[in-house]
Amino acid sequence: KAYAESDLGATVVCLVPARTDTRWFHTNVWDIATNRPRPRVEVRFIKGRLKFGNATAGAPFPSVVVIFRPQDASTSA
């Protein structure tokens, strides 16, 4: 959905679990042929585990910010 919205002109920022072994990651984020993010996609891995508010424990998984950019940056939302 996020990638599809970027096709329509939106810049979409997603905070998701860093599940780099999943099908959606390789279909929408990572280009296995070039060993880089797909065109118009930025990937920013977060060091450590996220913790929100007054939580005593961090998330049980690593996280990544994935940014899907539109084809024309002047149309970004």
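Now for a look at the structure at hand. Predicted, not measured: the structure shown is a model, and the values here were computed from it.

## Quick look at the sheet that holds strand E1 (residues 12–17)
Reasoning step 1: Within the open sheet, the three strands sit side by side as E1-E5-E4. Their pairing is antiparallel. Since the sheet does not close on itself, it has two edges, and those belong to E1 and strand E4 (41–45), each with one partner. Each strand axis lies, on average, 20 degrees off the axis of its neighbour in the sheet, ignoring direction.
Reasoning step 2: Where E1 meets strand E5 (residues 63–68), six bridges bridge the pair, whose relative direction is antiparallel.

## Thoughts on the pattern of salt bridges
Reasoning step 1: What the rule picks out here adds up to four salt bridges.
Reasoning step 2: Between Arg-40 and Asp-7 there is a salt bridge whose closest N-O contact spans 2.7 Å. Residue Arg-40 is located in the loop between strand E3 (36–37) and E4, and its partner Asp-7 is located in helix H1 (residues 2–7); the two are separated by 33 residues in the primary sequence.
Reasoning step 3: For Asp-7, a relative accessible area of 44% translates into the label partly exposed.
Reasoning step 4: Across the pair Glu-42 and Arg-69 runs a salt bridge whose closest N-O atoms are separated by 2.7 Å. Taken as a pair, Glu-42 in strand E4 and Arg-69 in the segment after E5 lie far apart in primary sequence, 27 residues in all.
Reasoning step 5: On the accessibility criterion, Glu-42 (25% relative accessible area) is partly exposed.
Reasoning step 6: Judged by relative accessible area, Arg-69 falls into the partly exposed class, the value being 33%.
Reasoning step 7: Among the charged side chains, a network of salt bridges with common partners joins Glu-42, Arg-44 and Arg-69.

The rules behind the values
- Residues numbered from 1 in each chain as written.
- Predicted model: local features only at pLDDT ≥ 70, side-chain atom pairs only at ≥ 80, totals over all residues.
- Heavy atoms only, no water.
- Pairing = 2+ DSSP bridges.
- Helix = DSSP H or I, 4+ residues; strand = E, 2+ residues; numbered from the N terminus.
- Axes fitted to C-alpha atoms, helices over the stretch in contact; angles between N-to-C directions.
- Salt bridge = Lys/Arg side-chain N within 4 Å of Asp/Glu carboxyl O.
- Buried < 20%, exposed > 50% of the residue type's maximum accessible area, 1.4 Å probe, protein only.

That's the geometry; what it means functionally is another story.
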